[in-house]
Structures are given as structure tokens and as C-alpha cells.
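# Observations on the three-dimensional arrangement
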Amino acid sequence: MPLTADSAVIRRLMVRPGPAGEDRAPVPASAAAVSAVLRAFGRSPRDLPVRTVVYVGAHAPDPALAPEHEGFAVRTASAPGRALRLAHQELHDGTADFALVAGFDEPEAGTITVHAVKRAAEAVADGDTVLGILDPATPADPGTAPELMPLTHGHRATDPGRHRLLLWSGRDEQDEQRVRGELLPLLSGLHHEAFPALPTVVPCGTEPGPVRGAAVTVAALSAAAVHKAKAVTAARPRPVALLFPGQGSQHHAMAAGLYGREPVFTAAFDAAVSHMGDEGPRIRADWLTDGRPLIPVDDVRRAQPLLFAVDYALGRMVIGWGVRPTAVLGHSAGELVAATIAGAVALPDAVAMVMERVREAVRIPPGGMLAVAAEEHRLRPYLRDDVAVAAVNANQQTMLAGPAEPLAEIAQALRADGLTVVTVPATSPFHSPAMAPASEAVEAAYRNIPLRPPTLPLYSGYTGELLRPEEAVSPRFWARQITDTVYFKQALESLLAADDMLLIEAGPRQTLTAFARRHRAVRLGASAAVPLLPGRPGTAEADRQSVLTAAARLWTEGHAPSPVALSALWTWSAGPHTGAEDTAPAPRLAAATS
């Protein structure tokens, strides 16, 4: 059974209402008791996912209990075990995203046992501690609680030929040199098979100092890499902002080197794809194939779902390192990823929005996009026949979009006038009036999506400013992104005006990194831009090496990414370990079943 189809118990708490030592009377399944369940783990109900359901398992449920309480659905079952089974099924069916299952008078009268349950892959991606996977197949009695099976979550795969990260630090420059001096002879005399098992951070178990060094290397080159590494004094780490690219940055097998080799990325990607319905497995297969995909990656039916899944998985991976972004900014389709990370829309609903956008986009006659090295005002005289300015990305970096035939004619005219024009890989005329029918159709569908204000600052490429609460909850705002111009340059300006930032691009090709490096704040060194993935398609090992290089930058910047989480990049595998460089991504994560 795939991990994404299972439900994981992530927390369990026994509540004892009333003073200790009293005789226990049965706890009534009242509205007050449901309120206590909603707050059982110390969270405010407003911090719970929108589609949270409370299951009340009691031998005699109160018939007066309302089907909704504090805005959340309430279900009753005749026994706590049956409540757990029903919650599992609802999570599996996708009608809920989080379940609080309350067993009244369990394990004894006067107590309530509360289980917090969510989908297993999403629990892994969110960094939850998983107590176990519900196994509804056993026992046969539907009123008995299902067993908790252990989470099978990959295994160690310590190949010394794979790149890994070495981090070290000192209290001052002299102390850093001392630590480095102790590390070098260890590396020179170390057997290559033991190289992956070295601690990520040296010295191990001490607070990192302000003078830091890092090396991304394989066993055979480790001593030379550490010797050549430059020490950096980390004064005040700049806050991290995540950038999510959109259509045009995609390429075949983008980030596939992380799939099956980085646990959070793998789980988050699988979680996103699991909500894509019957098309999900085909989308993943086209992404991973070594041959010819059924649908090319530049087709909107592949580009947008895969970009969402990859961007989202990369963002969750960075957060899984313990690096908490202070802001997010997405470009075009990447803005929906930013909204998901920022809590404005739940993952299943965000995926539904992407797939609805795709369904309507394929009804529009073919079109495309152009990147032109010119300012917006210089291009406006060329515009006609639904060809429009699609995006203003940086100085001398503007995109046009529109129907295929007039767009091709305009491209020819621009080149004839001496302008540099590059065709963007896209088959639909996003961000042009040609997409208006699609925009109207998705707006109607988006009215059924529960939206909320983001809990993390989200800078919008459609307003160029910090997203306002009323915009975040507006179906029209999200629908018009199909037709409206992306003002990434202005949004980046607003973001960097708030503070000096370390910008991390969570997506393929380094497109947004290139735009950011043209900004004055980045050119002067006040802010910095770091990509997670290589600038062009490459090998699986190149993907991992690029991610490790970004992690090294976070370390030397002064952040403290989790050594355990980082080490998964060279010590974890979802599938059989061959002892050699993988030539194809490993199988999906799996959970133990009976």
C-alpha cells in the first residue's frame, strides 16, 4: 500500500476532566467536551487545517450533539475503534485533511483519549513525529481500534561515492583553524566506506561558533575540499525568503535526483501527486521516465502539476531542515505554491486549483510566451491580437504571451528590430486576454475552495505588494492570475525593502535567482540569492550536489539547519541500495501492511 494512501497517528493524549483523585464518572459527549478535544494539543482551533473533522467515539453518543462545532465537522460513532476507522476512510477519500478522534471513557471512565490523525505522506512532509500507521484491515471487528503499524520509511544507503556535506565552526578564526586542522588528518586516513557515517557538523555536540566552513564533497576528494574551503564569519543571519518559479522553468526530470533519496522531498512530492486523481500516477511516470513521456513536460497538462509538486516538495524540504522562512514569493503558478506554504490554502485544495486551471487551459487555442530583453514600455507598440505583457521580471527582462500565430509574427518583428527574443517553453498563452474564458471558468470552481489569510507574509506578483487578507480569500484574485500580468520585479522590490534577505529559489533552472541577482540590493551584497537546483538539466547526483551547496550556504550564513535532516541526502534511500550511482529514481515510499 502506498504511503500516501495510509493515515498516520501523529499524537495521542489522554485527558482527565475534573480534579485528580475523584471517582470517575462517564464523560458526556457534549459541546464543551468537543471544545476540549479541539484544544487537546495546545493549539488554537484557528490554527487547525480548514478541513478538520472531530470524531466522537462513544458507546452512547449524545444525540443532541450538533454536526458542526466552532466551524468544524463533528461525527459520532458507536465506539472509539469505529471512529478511528471512519476517520481513516475520510482521510483516504480526501473529504478531510486532519482528524481529531476522541474516545470517550477510554481507556477508563472519566477519561478521553484523543488521537491526531493525518495522511502519512503529509505527516512526513510536515515533520511530524509519526506514532504509527493505522491498519484498518485488522482486526475484523469494526468496533475495535485498528492496529498501529510501524512506519516503513526508507533505509540507510551509505555510498561513499555520493556527495555529502561537512560543516565545521570555531569561536574565532584561530579556533576554526584548529577544528579544521583536526578534521584534515581524519579525512586523509579514513576508509572511504566510513566517510558517509562521519558527523555532519564538527565538532559534534557543541554549539556552532560564528566562524564557519563547509564542503560538499565525495570521500576521495574530502581532504582537499576541506583544505580549500573558505571560512566565513557569520554575524547576523539574514532571514530566509523562499522563491517559487512558475511555467517556463520546467524541464524533464527536474529535481528527480532527490526523489527516493531525500525523505521529506519524496513524501511531499507524493503527497501532492496523490491529490491529482487518476492522472497523478501518469504525471509521475512521465516525470521519471528515461524514455519518451506520454505527454511532454512543456505541455500545460504536465508543466503546471509537476512544477507545483516539485516547488512544494522543495519548500517542505527546506522547512524540514529546521529553516523557517520569514516570507514567500511565487512567480505565476509558483504563487499558488507560496500560498500553500503560507497556509492560505490546504494542499489538497491547492492541487485541485492547479488541476482545474489545467483543465480549462487545454480548452484555449494553442499559444505561447516570449522572453524579451527590453523594458515593458518599449514593447507595448508591438502588442496586438490578444498578445500582452505577461510578466515584468527585472530590468530589461519582460515576457509577452498570446495566441501562437500573432505571437510568432511579433517575435519576428522584434528580432528584425534588433531585440533579443527567447521562446519560453509553454503551450498555453497564460497571462494574456486569450485566457479569459479559462479565468471565468476556474473562478466559478474556486468559489468552493476554502481560502484563508496567510499565516506567513506572502508577496504577490500580481499586486507587487504584500498579499492582503481580502485578496487571499477572493476566488476572483486567484482566477485572474491566468490572465493578468506578473509584476515579479515590483514584488521582489517590496520584499527586499522590508529587510535584507537570503533568497532561496525552490524550483528548477535558477530563473528567479538570475532575476534577483539583477536587483540592486543583491548586487551590493545587502541581500543574496541562492538556488536549490542546477541551472540546467543534469544528473541525479547534480541535483543532490546543488541542494547540498545551498544547505552549506545556509550554514555559513549563520543558520543552523538540522544535521540529522541534512544527512538524509547521503544516508537515506526509499528503495534497494545498489552501492552505485542510481540510474533511475527509487520506488515510492511504502508503509508496512499486514
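This part is about the overall build of the protein chain. Counting its regular elements, the protein chain contains 20 helices and 23 strands. In terms of C-alpha radius of gyration, the protein chain reaches 26 Å, essentially the compact-globule figure of 25 Å for 594 residues. Reported as C-alpha extents along the three principal axes, the dimensions of the protein chain are approximately 85 × 65 × 45 Å. Taken over 594 residues, the protein chain has a buried fraction of 57%. Taken together, the 54 basic and 62 acidic charged side chains of the protein chain have centroids lying 4 Å from each other.

Take the side chain of Glu376 next. Position of Glu376 relative to the elements: it lies in helix 11 (residues 376–379). Note on Glu376: relative accessible area 19%, which makes it buried. Side chain to side chain, Glu376 and Arg380 meet in a polar contact 2.4 Å long. If we skip the residues at most four places from it in the chain, Glu376 touches Val389, Val392, Thr398 and Tyr487.

Before going further, it helps to examine the pairing of strand 22 (residues 528–531). Of the two faces of strand 22, the one carrying Ala528 and Val530 and the one carrying Ala529 and Pro531 are both buried. Relative to strand 22, strand 21 (residues 502–505) runs parallel, the two being bridged by 4 bridges. Residue pairing in the sheet places Leu502 in a bridge with Ala528 of strand 22.

Moving on: the environment of Thr485. Inspection of the secondary structure assignment puts Thr485 in the loop between helix 15 (475–479) and helix 16 (488–498). The exposure class assigned to Thr485 is buried, which follows from its relative accessible area of 16%. Residues Thr485 and Ile504 lie 19 residues apart in sequence; the distance between their C-alpha atoms is 23 Å. If sequence neighbours within four positions are ignored, Thr485 has contacts with Val389, Ala390, Ala391, Val392, Gly461 and Tyr462. At a separation of 2.7 Å, a polar atom in the side chain of Thr485 contacts the main-chain carbonyl oxygen of Val389.

One open sheet accounts for 8 strands, arranged 3-4-2-5-6-1-7-8; its pairing is mixed. The outermost strands of the open sheet, each flanked by one partner alone, are strand 3 (68–69) and strand 8 (147–149). Bridge analysis of strand 1 (residues 7–15) against strand 6 (residues 112–119) gives 8 bridges, and the strand direction is antiparallel. Each bridged residue has a counterpart across the sheet, and for Leu13 the counterpart in strand 6 is Val114. With respect to the sheet, helix 2 (residues 80–93) is in contact with strand 1, strand 2 (52–57), strand 4 (72–77), strand 5 (98–104), strand 6 and strand 7 (132–135), its orientation differing from that of strand 5 by roughly 175°.

Closest axis-to-axis distance for the helix 6 (residues 263–274)/helix 8 (residues 300–320) pair is 8 Å, and the angle between their directions is 145°. Seen along the crossing, helix 6 lies across helix 8 with a hand that is right-handed. Of the residues in helix 8, those touching helix 6 at Val264, Phe265, Ala268, Phe269, Ala272 and Val273 are Leu306, Phe308, Ala309, Val310, Tyr312, Ala313, Leu314, Arg316 and Met317. A breakdown of the residues in the contact of helix 6 with helix 8 according to their chemical character gives 14 nonpolar, no polar and 1 charged.

On to unusual backbone geometry. Cis geometry marks the peptide bond from Val202 to Pro203, where omega comes out at -5°. Phi at Ala253 takes a positive value of approximately 60°, unusual for a residue other than glycine.

This brings us to the side chain of Glu335. Its place among the elements puts Glu335 in helix 9 (residues 334–341). It is Arg480 that comes nearest to the buried, bridge-free Glu335 among opposite-charge side chains, at 7.8 Å. Polar side-chain contacts of Glu335 include one of 2.8 Å to the backbone nitrogen of Gly461. Look past the residues within four positions of Glu335 in its chain and what remains in contact with it is Gly330, Leu458, Tyr459, Ser460, Gly461, Tyr462, Phe477, Trp478 and Gln481.

Let's shift gears to the sheet that holds strand 12 (residues 211–217). Read from one edge of the open sheet, 4 strands run 11-10-12-13, paired in mixed fashion. Every other strand in the sheet has two partners, leaving strand 11 (201–202) and strand 13 (232–233) as the edge strands with one partner each. Across 2 bridges, the pairing between strand 12 and strand 13 is antiparallel. Looking at strand 13, one finds that Val211 is bridged to Thr233. Across the sheet, helix 4 (residues 173–189) lies against strand 10 (164–170), strand 11 and strand 12, angled at about 140° from strand 10, the strand it touches most.

Let's shift gears to the environment of His115. Positionally, His115 belongs in strand 6. Taking the relative accessible area as the measure of exposure, His115 reaches 13% and is therefore buried. Sequence separation between His115 and Ala491 is 376 residues; the distance between their C-alpha atoms is 42 Å. Apart from residues no more than four positions distant in its own chain, His115 is found in contact with Val9, Arg11, Arg12, Leu84, Ala99, Leu100 and Val101.

Here we come to the pattern of salt bridges. According to the stated counting rule, one finds 31 salt bridges in the structure shown. A salt bridge links Asp349 to Arg51; its shortest N-O distance comes to 3.6 Å. With Asp349 in helix 10 (residues 347–361) and Arg51 in the loop between helix 1 (31–38) and strand 2, this pair connects stretches of sequence that are 298 residues apart. Judged by relative accessible area, Arg51 falls into the partly exposed class, the value being 22%. For the salt bridge of Asp175 with Arg178, the shortest nitrogen-to-oxygen distance reads 2.8 Å. On the criterion of helical spacing, the pair formed by Asp175 and Arg178 is a turn pair, its members being 3 residues apart in helix 4. Classification of Asp175 by relative accessible area gives buried; the value is 8%. Linked through salt bridges whose partners overlap, the residues forming this network are Arg51, Asp97, Arg119, Glu122 and Asp349.

A separate point is the nonpolar core. Core analysis: the biggest nonpolar cluster contains 118 residues, and Phe265, Phe269, Trp287, Phe308, Trp321, Leu495 and Leu503 have the highest contact counts within it. Examining the composition of this core, we find that 12 residues originate from one element, helix 8, more than from any other. With residues up to four places along the chain from it excluded, the contact list for Phe308 reads Ala272, Leu336, Val337, Thr340, Leu347, Ala350, Val351 and Val354. If you look at the next biggest cluster of nonpolar residues, it comprises 27 residues, including Val34, Val37, Val74 and Phe98.

Here we take up the confidence of the model for the protein chain. Should pLDDT be low for a region, the predicted coordinates there are not to be read in detail. Averaged over every residue, the pLDDT of the protein chain is 90; the share at 70 or more is 94%. Segment residues 577–594: pLDDT under 50, and 57 contacts once partners within four positions in sequence are set aside and those in other chains are kept.

Criteria and cut-off values
- Residue numbers restart at each chain and count upward from 1, following the sequence in its written direction.
- Since the coordinates come from a predicted model, pLDDT governs what is reported: local features require at least 70, and pairs of side-chain atoms require 80 or more to be given and counted, while whole-chain, interface and lining totals use all residues.
- The side-chain values count all of the structure's non-hydrogen atoms but skip hydrogen atoms and water molecules.
- Counting from the N terminus, the helices are the DSSP runs of H or I reaching at least four residues and the strands are the DSSP runs of E reaching at least two.
- Using C-alpha atoms as the atom set, the radius of gyration is obtained and then compared with a globule rule of 2.2 Å times the number of residues to the power 0.38.
- The rule is simple: take the accessible area with a 1.4 Å probe, protein chains only, and divide by the maximum for that residue type; under 20% is buried, over 50% is exposed, in between is partly exposed.
- The sign given to each residue is positive for Lys and Arg and negative for Asp and Glu; His and the chain ends receive no count.
- Lys charges are placed at NZ, Arg charges at CZ, Asp charges at CG and Glu charges at CD.
- Under this definition, polar contacts are N or O atom pairs within 3.5 Å; protein pairs additionally need one hydrogen-donor-capable and one acceptor-capable atom, and for neighbouring residues in sequence, both atoms have to be side-chain atoms.
- Throughout, a residue-residue contact means that at least one pair of heavy atoms, one from each residue, lies within 4.5 Å.
- DSSP bridges decide pairing: two strands pair if at least two such bridges lie between them.
- Axis lines are fitted through C-alpha atoms, for helices just across the contact stretch, and the angle between N-to-C directions can take any value from 0 to 180 degrees.
- Should the near helix be turned anticlockwise from the far one by less than a right angle, the crossing is left-handed, and should it be turned clockwise, the crossing is right-handed.
- All residues other than Ala, Val, Leu, Ile, Met, Phe, Trp, Tyr, Cys, Pro, Asp, Glu, Lys and Arg, Gly among them, are scored as polar; the first ten of these are nonpolar and the last four charged.
- Salt bridges, as used here, are contacts in which a Lys or Arg side-chain nitrogen is within 4 Å of a carboxyl oxygen on Asp or Glu.
- Note on terminology: a nonpolar core comprises buried Ala, Val, Leu, Ile, Met, Phe, Trp, Tyr and Cys residues joined through side-chain atoms within 4.5 Å.
- The predictor rates its confidence in each residue with pLDDT, a number between 0 and 100.

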